[in-house]
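One-letter residues, chain by chain:
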Amino acid sequence: MSGEKSACAKGFVDGAIHVDVKDYYGNLVKSTSDLKSNACIAPARPIPAYIRQALMKVHAEVTAKYYGCGLVVPEGLEGCRILDLGSGSGRDCFMLSDLVGENGHITGIDMTEAQLDVARAYVDYHAKELGYKKPNVSFVQGYIEALTEAGLEKNSFDIIISNCVVNLSPDKKRVLAEAYNVLKDGGELYFSDVYSSGRLTEEIKSHKVLWGECLGGALWWKDLLQLAEEVGFSQPRLVAASLITVDNGELQKVLGDYKFVSATYRLYKVPKGDTKFCQVIYNGDITGAEGCFDFDCHYKFKAGEVVEVDGELASILTHSRFKEDFTFKPPGGPCEPCAVKPKADIVDPFQLASQLAKQNPGSATGGCCSTKSATCCK
């Protein structure tokens, strides 16, 4: 790898990996067809109508410069301030601009100027397309390990999304710490990424193509749980997972027996919950999830149904943007005998991915940003 380094705002210095990634996505990869594995290509899957409509308003050039990852779109976005880590050409930012409405705001941060040039060229276009008096999208050049140094304020975002980007950083803990700092209390980090079945060897981690293809920098999934706790986040809630097949013989030889999975997690900046269970009722008011809110692989909330939740999730629901979307049974009050009691939690993304593959044997494996999850409310 190149030994070149360059300085960022207020002293952050990018290393060889940053330089190589910028070269990979700024010069070598011009379209999805240039990728050398399917790790960053998600399978076709149903997209909610309201998101499809928002995507249709994104300019064709912005979409053409988008490199193939699937969507990472959480629920309850109206009026939110959202940060997109590794925003690239801005496709997701402009789509989210529609979903948050004129009173919300989207910030995209990316370290690759070639991508930012495309995104910035269409800020005014999308504001006019949506009928906004002024743009509600802005873009910042910077590093996901140095959000505050790039000028982003602490405690200023409701949601942070990330789409197959964290694995490209050599310092995952710093990325999580920076995300925690700029989130408001009650804020959420909702992201998809590639995870490995074990800690990768130095040979794999130093392979330039494997790193650019989102495999060489993959975190062992158990390390994510530890790093999140060290930073201060709630325990990561596994939303969805799908197995990754590399489909490149040369790269597979280098990878050996390591397996990879695409997984989506929710992390919250909330007080730690207690161990007591409580009962909640979903009110059915979240856009796109009126009948059922598929929170994670463990909890599916049907509107009007009493569900028993663990203390940690109760803390998340009471301190996050979802507070007004649930009715909470008073502590110590009588319990509903018909309350739904969730099955044992699945925390291993490989286990969940295998389970989903058995349920849907005809479905394709997913790329780094696949957000397939168990079918809810059939």
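Heads up: the structure comes first, above all this text.
Everything numeric here is computed off the predicted structure, so don't read it as measured data. (Residues numbered from 1 in each chain as written. Predicted model: local features only at pLDDT ≥ 70, side-chain atom pairs only at ≥ 80, totals over all residues. Heavy atoms only, no water.)

Draft legend 1. Representation of the overall build of the protein in the model. Of the regular secondary structure elements, the protein holds 13 helices and 15 strands. Residue burial in the protein is summarised as follows: out of 378 residues, 54% are buried. Here the protein displays about 16,300 Å² of accessible surface, and carbon together with sulfur accounts for 51% of that area. (Helix = DSSP H or I, 4+ residues; strand = E, 2+ residues; numbered from the N terminus. Buried < 20%, exposed > 50% of the residue type's maximum accessible area, 1.4 Å probe, protein only. Areas by Shrake-Rupley, 256 points an atom, 1.4 Å probe, with all protein chains shown as cover.)

Draft legend 2. Inspection of the environment of Tyr 265 at higher detail. Position of Tyr 265 among the secondary structure elements: in strand 10 (residues 260-268). Taking the C-alpha atoms as reference points, Tyr 265 and Asp 296, 31 residues apart in sequence, are found 8.2 Å from one another. When near neighbours in sequence (up to four residues on either side) are disregarded, Tyr 265 contacts Leu 189, Tyr 190, Phe 191, Tyr 195, Trp 221, Leu 224, Pro 236, Arg 237, Leu 238, Val 239, Val 347 and Pro 349. (Contact = heavy atoms within 4.5 Å.)

Draft legend 3. Spatial organisation of helix 10 (residues 221-231). Burial in helix 10 covers these residues: Trp 221, Asp 223, Leu 224, Leu 227, Ala 228 and Val 231. Buried residues along helix 10 cover an arc of 135° about the axis, so they all sit on one side. Packed against the buried residues of helix 10 are helix 7 (172-182), strand 7 (183-196), strand 8 (219-220), strand 10 and helix 13 (349-359). Downstream of helix 10 by one or two residues, Gly 232 has phi in the positive range, about 125°. (Arc of directions from axis to C-beta.)

Draft legend 4. Structural view of the nonpolar core. Counting 40 residues, the largest nonpolar core has Leu 83, Leu 189, Tyr 195, Phe 233 and Tyr 265 as its most contacted members. Contributing elements (two or more residues each) for this core: strand 3 (81-85), strand 6 (157-163), helix 7, strand 7, helix 10, strand 9 (237-244), strand 10 and helix 13. In contact with Phe 233, not counting residues within four places along its chain, are Leu 176, Ala 179, Tyr 180, Leu 183, Leu 189, Ala 228, Leu 267, Tyr 268, Lys 269 and Lys 272. Ile 82, Phe 94, Val 100 and Ala 119 belong to the second largest nonpolar core, which has 25 residues in total. (Core = buried A, V, L, I, M, F, W, Y, C linked by side-chain atoms within 4.5 Å.)

Draft legend 5. Quick peek at the sheet that holds strand 15 (residues 326-328). Read from one edge to the other, the open sheet built from three strands follows the order 14-11-15, with strand pairing classed as antiparallel. Single-partner strands in this sheet number two, and they are strand 14 (306-309) and strand 15. Within this sheet the neighbouring strands show an average axis-to-axis angle of 35°, counted without direction. Sheet topology places strand 11 (residues 278-282) next to strand 15; three bridges connect them, and they run antiparallel. Residue pairing across strands places Val 280 opposite Phe 328, the latter belonging to strand 15. Against the sheet, helix 12 (residues 311-319) engages strand 11, strand 14 and strand 15, with an angle of about 125° to strand 15. (Pairing = 2+ DSSP bridges. Axes fitted to C-alpha atoms, helices over the stretch in contact; angles between N-to-C directions.)

Without other data, these values stay purely geometric and don't point to any function.
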